[in-house]
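Close look at the chain arrangement
The primary structure of each chain is shown beneath.
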Amino acid sequence: MSHRIRLAGLVAALGFCMGPEALACGDKFLVSGRGTRYQRPKNARAANVLIYANPASGLPETLKSVPVDKVLKREGHRFTTVETLEQLAAILAGGRFDVVLAASSVVAAVEELIGTTPEAPVVVTFCPKQAAKAPEASAKAPCAVKAPPKEGSLLEAIDKAVLKHDKDVKEARSRG
């Protein structure tokens, strides 16, 4: 008989301890993955991205592993792709871009075309697999995105470049 009384007392004590949690507001069931979508920072904005995919640099082959067009569109970025230096010069003269994505082997030529004005786009250096094998090419420009590319690292590099571009433009306007 004393065993039954002790068991009933134990169940009653557990019932009193667990009672408030059982009556709490909200869902009583944990649904895995709910509300865990990737969210960009509040200060992130859509960018105009220019991709200089020179076939000799190895960038087009490297970008095939990540659907760059889908990733950029999903995040609200607008992008244009060019393959030759002449196309790059013409489109830079005619349009306003925030970011230029280029392979590390051609960064010097791209920066020469862009110039040093505060409104100039920021170059995001991409290290294709061919550049990773050639140490002299990677020594010229540090890589912001390494091969094989990942969505997160690419988007993070673009967001950082947009912040730098906006900061440069704001500083230039405050000086002038």
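In this report, the structure presented in the accompanying data block is examined. None of these values were measured; they are calculated from a predicted model. (Residues numbered from 1 in each chain as written. Predicted model: local features only at pLDDT ≥ 70, side-chain atom pairs only at ≥ 80, totals over all residues. Heavy atoms only, no water.)

1. With respect to the overall build of the chain
Filter applied, for reference: Going along the chain from the N terminus, every DSSP run of H or I of four or more residues is numbered as a helix, and every run of E of two or more is numbered as a strand. Buried residues are those whose accessible area, probed at 1.4 Å on protein chains only, stays under 20% of the maximum for their type, while exposed residues exceed 50% and partly exposed ones sit between those limits. Contact criterion: two residues are considered in contact whenever any of their non-hydrogen atoms come within 4.5 Å of each other.
Across its full length, the chain holds eight helices and five strands. Listing every helix and strand of the chain by position from the N terminus yields α-β-α-α-β-α-β-α-β-α-α-β-α. Counting the 176 residues in the chain, one finds 34% classified as buried. Of the contacts made within the chain by residues no fewer than 6 positions apart, 67% connect residues no fewer than 24 positions apart.

2. Side note on a nonpolar patch on the surface
Heads up, the condition is: The patch calculation keeps residues exceeding 30% relative accessible area without a salt bridge and links them within 9 Å when they carry like charges or within 5 Å when they are nonpolar (Val, Leu, Ile, Met, Phe, Trp, Tyr). Shrake-Rupley sampling with a 1.4 Å probe provides the accessible areas, and residues are treated as covered by the protein chains on show and by no other component. A carboxyl oxygen of Asp or Glu within 4 Å of a side-chain nitrogen of Lys or Arg is what we treat as a salt bridge.
A cluster of nonpolar side chains, namely L7, L10, V11 and L14, defines an oily patch on the protein surface of about 410 Å² accessible area. With respect to the element layout, L10 can be found in helix α1 (residues 2-22).

3. Structural notes on the pattern of salt bridges
Under the definition given, this model contains five salt bridges. Salt-bridge contacts for R74 lead to E75; the nearest nitrogen and oxygen are separated by 3.6 Å. Residue R74 is classed as exposed on the basis of its relative accessible area, which comes to 51%. With a shortest N-O distance of 3.2 Å, D98 and R96 are connected by a salt bridge. Three or more residues are tied together by salt bridges with common partners; here these are R74, E75 and E151.

4. Re the state of the cysteines
Worth spelling out the cut-off: Criterion for a disulfide: a pair of cysteine sulfur atoms at a distance within 2.5 Å.
Within the structure shown, the criterion is met by one disulfide. The residue that forms a disulfide with C127 is C143, at a sulfur-sulfur distance of 1.3 Å. Separated by 16 residues along the polypeptide, C127 in strand β4 (residues 122-127) and C143 in the loop between α7 (135-140) and β5 (145-146) bring together distant segments of the chain.

5. Considerations on helix α5 (residues 107-114)
The line we're drawing: By definition, the arc is the one covered by directions from the helix axis to the C-beta atoms.
For α5, the set of buried residues is V107, V110 and I114. The arc that holds every buried residue of α5, seen down its axis, measures 65°, which confines them to one face. Pointing more than 90 degrees away from the buried face of α5 are the exposed residues A108 and E112. The inward-facing, buried residues of α5 abut β1 (48-52), α4 (85-94), β3 (99-103) and β4. Downstream of α5 by a residue or two, G115 has a phi angle that is positive, lying close to 90°.

6. Here's the deal with the side chain of N48
By secondary structure assignment, the location of N48 is in strand β1. Looking at N48, the relative accessible area reads 18%, which means it is buried. Once you skip the residues sitting within four places of it in the chain, N48 turns out to touch R78, R96, F97, D98 and V99.

7. Points about helix α8 (residues 151-175)
Spelled out, the test is: Expected helix span is taken as 1.5 Å per residue step, with the number of steps being one fewer than the number of residues.
In a regular helix each residue adds 1.5 Å, so 25 residues correspond to 36 Å; α8 covers 36 Å between its end C-alpha atoms and thus fits that length. Buried within α8 are the following residues: L154, L155, A157, I158, D159, A161, V162, H165, V169 and A172. Buried residues along α8 sit against β1, α3 (68-74), β3, β4 and β5.

8. Here we look at the nonpolar core
Rule in force here: Side-chain atoms within 4.5 Å are what join buried Ala, Val, Leu, Ile, Met, Phe, Trp, Tyr and Cys residues into a set we call a nonpolar core.
Of all hydrophobic cores here, the largest spans 37 residues; its most connected members are I51 and V110. For this core, the secondary-structure elements that each account for two or more residues are β1, α2 (59-63), α3, α4, β3, α5, β4 and α8. Once you skip the residues sitting within four places of it in the chain, V110 turns out to touch Y52, L88, V100, A102 and V123.

9. Examining the sheet that holds β4
Quick note on the threshold: Being paired, for any two strands, means DSSP has found at least two bridges between them. Interaxial angles span 0 to 180 degrees and are taken between N-to-C directions of axes, which are lines fitted to C-alpha atoms, for helices over the stretch in contact.
A sheet is described by the order of its strands in space; here five strands give the open sequence β2-β1-β3-β4-β5, paired in parallel fashion. For this open sheet the edge positions go to β2 (78-82) and β5, each flanked by a neighbour on one side alone. Bridging between β1 and β3 involves four bridges; their strand directions are parallel. Looking at the pairing, Y52 lines up with A102 of β3. Across the sheet, α4 is in contact with β1, β2 and β3; its angle to β1 comes to roughly 160°.

On their own, these measurements won't tell you what the molecule is for.
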